[in-house]
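Commentary on secondary and tertiary structure
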Amino acid sequence: METTAYYVVTEALTNVAKHAAASRATVTAALDDDRLVVSVEDDGRGGAHSGKGHGLAGLADRVTTVDGTLAITSPAGGPTVLTASLPVRES
């Protein structure tokens, strides 16, 4: 899960830097029962989506392979919030 969480954050921050025209981004991570919830929020222009052929679609695919979920809220004008919920498994 750590690798997937890292990938979510790095890809989201890369998208912020490349596309959002944001002045700030915030990363949060918290445990919620048996889930790790990782969020990246920016104050950019919005309009991000996970349509086929876009980088966020690949990110969503990666998250679902570990039984996680990815939610993207990004209205025109912003803000954009990307939230991944990943299962935490005991070893």
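Residues numbered from 1 in each chain as written. Predicted model: local features only at pLDDT ≥ 70, side-chain atom pairs only at ≥ 80, totals over all residues. Heavy atoms only, no water.

1. Comments concerning the sheet that holds strand β3 (residues 69-73)
Strand order across the open sheet formed by 4 strands is β1-β2-β4-β3, with antiparallel pairing between neighbours. Edge positions in the open sheet fall to β1 (25-32) and β3, since each of these has one partner strand only. Between one strand axis and the next, the sheet turns by 10° as a mean value, whatever way the strands run. With 8 bridges connecting them, β1 and strand β2 (residues 35-42) associate as antiparallel partners. Counted as the bridge partner of Thr26 is Glu41 from β2. (Pairing = 2+ DSSP bridges. Helix = DSSP H or I, 4+ residues; strand = E, 2+ residues; numbered from the N terminus. Axes fitted to C-alpha atoms, helices over the stretch in contact; angles between N-to-C directions.)

2. Regarding the pairing of β3
Of the pairings in the sheet, the one linking β3 to strand β4 (residues 80-87) comprises 5 bridges and is antiparallel in character. Each bridged residue has a counterpart across the sheet, and for Leu70 the counterpart in β4 is Ala84. Hairpin connection, β3 to β4: the antiparallel pair is bridged by 6 residues, and Gly77 has positive phi, about 95°.

3. Side note on helix α1 (residues 2-20)
The first and last C-alpha atoms of α1 sit 26 Å apart over 19 residues, in line with the 27 Å expected at 1.5 Å per residue. Taken together, the buried positions of α1 are occupied by Thr4, Ala5, Val8, Val9, Ala12, Val16 and Ala20. Seen from one end, α1 has its buried residues packed into an arc of 135°, which puts them on one side. The exposed set on the far side of α1, more than 90 degrees from its buried face, consists of Glu2, Thr3, Tyr6, Ala17 and Lys18. Residues of α1 that are buried make contact with β1, β2, α2 (55-64) and β4. Looking one or two places after α1, you find Ala21, whose phi comes out positive at around 55°. (Expected span 1.5 Å × (residues − 1). Buried < 20%, exposed > 50% of the residue type's maximum accessible area, 1.4 Å probe, protein only. Arc of directions from axis to C-beta. Contact = heavy atoms within 4.5 Å.)

4. Focus on the packing of aromatic side chains
Each aromatic ring pair is specified by the distance between its two centres and by the angle formed by the two planes. In this structure the tally under the stated criterion is 0 aromatic pairs. We note Arg62 situated over the ring of Tyr7; from NZ or CZ to the ring centre the distance is 3.7 Å. (Phe/Tyr/Trp six-rings, centres within 6.5 Å; stacked < 30°, edge-to-face > 60°. Lys NZ or Arg CZ within 6 Å of the ring centre and 35° of its normal.)

5. A short note on the nonpolar core
By size, the foremost hydrophobic cluster in this structure holds 14 residues, and its most contacted members are Ala5, Val8, Val38, Leu59, Leu82 and Leu86. When residues of this core are traced back to their parent elements, those giving at least two are α1, β2, α2 and β4. Excluding its chain neighbours within four sequence positions, the residues that come into contact with Val8 are Leu59, Val63, Leu82 and Ala84. (Core = buried A, V, L, I, M, F, W, Y, C linked by side-chain atoms within 4.5 Å.)

6. Brief notes about the layout of surface pockets
The space that makes up the largest pocket amounts to roughly 340 Å³. If you trace the largest pocket, you find 18 residues lining it, with Asn15, His19, Ala48, His49 and Leu56 closest to the centre. Elements represented by at least two residues in the lining of the largest pocket include exactly α1, β2, α2 and β4. When the residues that make up the lining of the largest pocket are grouped by side-chain class, the tally is 8 nonpolar, 8 polar and 2 charged. (1 Å grid on protein atoms, 1.4 Å probe; cavity = no way out; pocket = protein on both sides within 12 Å on 5 of 7 lines; lining within 4 Å. Points joined across faces, edges and corners; volume = space filled by probe spheres on them. Nonpolar A, V, L, I, M, F, W, Y, C, P; charged D, E, K, R; others polar.)

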